[in-house]
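Tertiary structure, described
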Amino acid sequence: MRIVYSKEEPIDRSDAGLDALRLVNSGKGAQHMTAGVATFSPGSAVFLHTHPCEETVISLKAGSHSQAKRRISRALLRRFTRANV
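For clarity, every value in this text was computed on a predicted model and none was experimentally measured.

Some points on the environment of L23
Turning to its location among the elements, L23 is positioned in strand β2 (residues 18-24). Each C-alpha atom, one on L23 and one on V37, is 7.7 Å from the other, the two residues being 14 residues apart in sequence.

As structure tokens, this is what we get:
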């Protein structure tokens, strides 16, 4: 797998209000990992969804993200409750 430099990677703007920089994924040769940086425009949102793998979200800078935190917490609670984790 080659070294990926963020400044050389294209920004995926296919979702309104979201700029996604995809640094590691199957298209780049990874078999078990995906990683990148997502930048949300003010007022934008992503619908509640799941992935067939673990997902870690780190907020680097945010104005008001408490609603998103509540949604994520509720979704994780439902997911772990169903899985008896």
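Points about the environment of L18
In this structure, L18 sits in strand β2. Given the relative accessible area of 12%, L18 is considered buried. Note: C-alpha distance between L18 and P42 (24 residues apart in sequence) is 9.7 Å. Setting aside residues up to four positions removed in sequence, L18 forms contacts with D12, R13, A38, T39, F40 and V46.

Let's talk about the pattern of salt bridges
Pairing between side chains of opposite charge can happen when their charged atoms approach one another. Applying the stated criterion across every chain, the model contains three salt bridges. With its nearest N and O atoms 3.3 Å apart, the salt bridge here joins R13 to D19. Accessibility expressed as a relative area gives 56% for R13, which makes it exposed. For D19, a relative accessible area of 28% translates into the label partly exposed.

Considerations on the pairing of β2
Regular strands place side chains that alternate from one sheet face to the opposite one. Looking at chain direction, strand β1 (residues 11-12) and β2 are connected through two bridges and run antiparallel. Looking at the pairing, D12 lines up with A20 of β2. Remark: five residues form the turn of the hairpin made by β1 and β2, two consecutive strands paired antiparallel; G17 in that turn has positive phi of roughly 80 degrees.

Focus on the sheet that holds strand β3 (residues 35-40)
Ordered by their spatial adjacency, three strands build an open sheet running β1-β2-β3, and the pairing between neighbours is antiparallel. Of all the strands in the sheet, the pair left with one neighbour each is β1 and β3.

Some words on the confidence of the model for the protein
The predicted model of the protein has a mean per-residue pLDDT of 75, with 69% of residues at 70 or higher. Looking at the elements of the protein, mean pLDDT is at its lowest for helix α1 (residues 66-82), recorded as 56, and at its highest for β1, recorded as 92.

Cut-offs applied
Residues numbered from 1 in each chain as written. Predicted model: local features only at pLDDT ≥ 70, side-chain atom pairs only at ≥ 80, totals over all residues. Heavy atoms only, no water. Helix = DSSP H or I, 4+ residues; strand = E, 2+ residues; numbered from the N terminus. Buried < 20%, exposed > 50% of the residue type's maximum accessible area, 1.4 Å probe, protein only. Contact = heavy atoms within 4.5 Å. Salt bridge = Lys/Arg side-chain N within 4 Å of Asp/Glu carboxyl O. Pairing = 2+ DSSP bridges. pLDDT = per-residue confidence, 0-100.

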